[in-house]
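For reference, the chains in residue letters:
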Amino acid sequence: MNQRLPHSLLLAALKQNVVELKDGREMRALGQGTWRMGEEKSKHDAEVEALRTGLDCGLHVIDTAEMYGEGESEKLVGEAIQDRREDVFLVSKVYPYNAYGEKLVKACDESLERLGTDYLDLYLLHWRGDAPLEETIQGMEQLKSDGKIRAWGVSNFDVEDMKELLALPNGHNCAVNQVLYHLGSRGIEYDLLPYLKEQGIPVMAYAPLAEGSDVKKDVFENETVNRLAETYSASVAQILLAWTIRSGHVIAIPKAGQAEHVEENAAALLLDLSEEDVATLDEAFPPPTTKQPLDVI
């Protein structure tokens, strides 16, 4: 599967692999992350091409944040999606210290301006800070009423945070929780992933290829992973992505700054790991048997 595949084939596969939100909208199970994109001028053209290639392949979810390059990532995304807004499920994230009152409105407006759009499909609280959750929820609901966002969610929330959130007025409107999740970081499987599934809240898995992780080398050089890649005539990255989205409850958003890597990621949708394959990976990277601290990068 390392050869280039027609974008139409990838698009068809993506349309069959979706995760449904509470409001009935669908997010395709593979999207595009943009952490550390837009920060180097020398990479600008390649990164814009990569994002546009992803849209051509059907990777309609593009995730960014006001934190990424202090807005430079959002500007890059805005350029990439110009004249293609209808093709995109656009996600951005707000700093915790901006997540209430007029600060939230201002932060959202500035993100929209950098992105060159008048609405976000999904707006996330990047991580939990000092702002009262009640005020964040209230602000997010107002942004929805004003038509600036279609839905809101959170990022880097553990089980107790989620329980507190969902107990608050309108807290049940939380659409997703974006957390770190990959084969080398499986802590959420013990309690957070089952809890979110029970609540009908999908997971967005950031860094699904262990980007920025101390264990990336261990994962990519693992004998079992590489043997499976050879069996499927696939890349290690494709095996890792297929594994991450195997449950049908997880949306993976790997970052790829080059068009060929985006196409490679998209082709992971064509892999169907067997139960035996998953069990073999469990042996190499065992699932958690006790509560783990929420892993973040």
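Residues numbered from 1 in each chain as written. Predicted model: local features only at pLDDT ≥ 70, side-chain atom pairs only at ≥ 80, totals over all residues. Heavy atoms only, no water.

S.K.: Can you tell me about the pairing of strand β5 (residues 89-94), naming the residues and giving the values?
M.R.: Of all six residues in β5, six are buried; the element is thus mostly enclosed. On β5, burial covers both faces: Phe 89, Val 91 and Lys 93 on one face and Leu 90, Ser 92 and Val 94 on the other are all buried. Looking at chain direction, strand β4 (residues 61-63) and β5 are connected through three bridges and run parallel. In the strand pairing of β5, Asp 63 is matched with Val 91. Assessed by its sense of winding, the connection that carries the chain from β4 through helix α3 (residues 72-80) to β5 is right-handed. As paired elements, β5 and strand β6 (residues 122-125) share four bridges and run parallel to each other. When the sheet's bridge partners are listed, Ser 92 is paired in β6 with Tyr 123. (Buried < 20%, exposed > 50% of the residue type's maximum accessible area, 1.4 Å probe, protein only. Helix = DSSP H or I, 4+ residues; strand = E, 2+ residues; numbered from the N terminus. Pairing = 2+ DSSP bridges. Right-handed = clockwise from strand over helix to strand, strands pointing away.)

S.K.: So what's going on with helix α6 (residues 159-166)? Residues and values would help.
M.R.: Buried residues of α6: Val 159, Met 162, Leu 165 and Leu 166, and no others. Projected onto a plane normal to the axis of α6, the buried residues spread over an arc of 125 degrees and lie on a single side. The secondary structure elements touched by the buried residues of α6 are α5 (133-145), β7 (152-155), β8 (177-180) and α7 (192-199). (Arc of directions from axis to C-beta. Contact = heavy atoms within 4.5 Å.)

S.K.: Can you explain the environment of Phe 89? Please cite residues and give values.
M.R.: Assignment of secondary structure puts Phe 89 in strand β5. Along the sequence, Phe 89 and Leu 59 sit 30 residues apart, while their C-alpha atoms lie 9.0 Å from each other. Among all residues touching Phe 89, those that are not within four sequence positions of it are Leu 21, Arg 25, Glu 26, Met 27, His 60, Val 61, Ile 62, Asp 121 and Leu 122.

S.K.: Tell me about the packing of α3 against helix α4 (residues 101-115), and please be specific about residues and values.
M.R.: Taken N-terminus to C-terminus, the directions of α3 and α4 make an angle of 45 degrees; their axes are 7 Å apart at the nearest point. Comparing their axes, α4 and α3 come out oblique. Residues Glu 74, Lys 75, Val 77 and Gly 78 of α3 pack against Ser 111, Arg 114 and Leu 115 of α4. Considered class by class, the residues forming the contact of α3 with α4 number two nonpolar, two polar and three charged. (Axes fitted to C-alpha atoms, helices over the stretch in contact; angles between N-to-C directions. Parallel < 35°, antiparallel > 145°, perpendicular 65-115°, else oblique. Nonpolar A, V, L, I, M, F, W, Y, C, P; charged D, E, K, R; others polar.)

S.K.: Can you explain the pattern of salt bridges? Please cite residues and give values.
M.R.: Under the definition given, this model contains 21 salt bridges. Between Asp 191 and Lys 291 there is a salt bridge whose closest N-O contact spans 2.9 Å. Here Lys 291 lies in the segment after α12 (275-284) and Asp 191 lies in the loop between β8 and α7, a separation of 100 residues in the sequence. Notably, a salt bridge pairs Glu 223 with Arg 227, separated by 4.0 Å at the nearest N-O pair. Remark: Arg 227 and Glu 223 occur in helix α9 (residues 223-231); sequence separation between them is four residues, near one turn of the helix. (Salt bridge = Lys/Arg side-chain N within 4 Å of Asp/Glu carboxyl O.)

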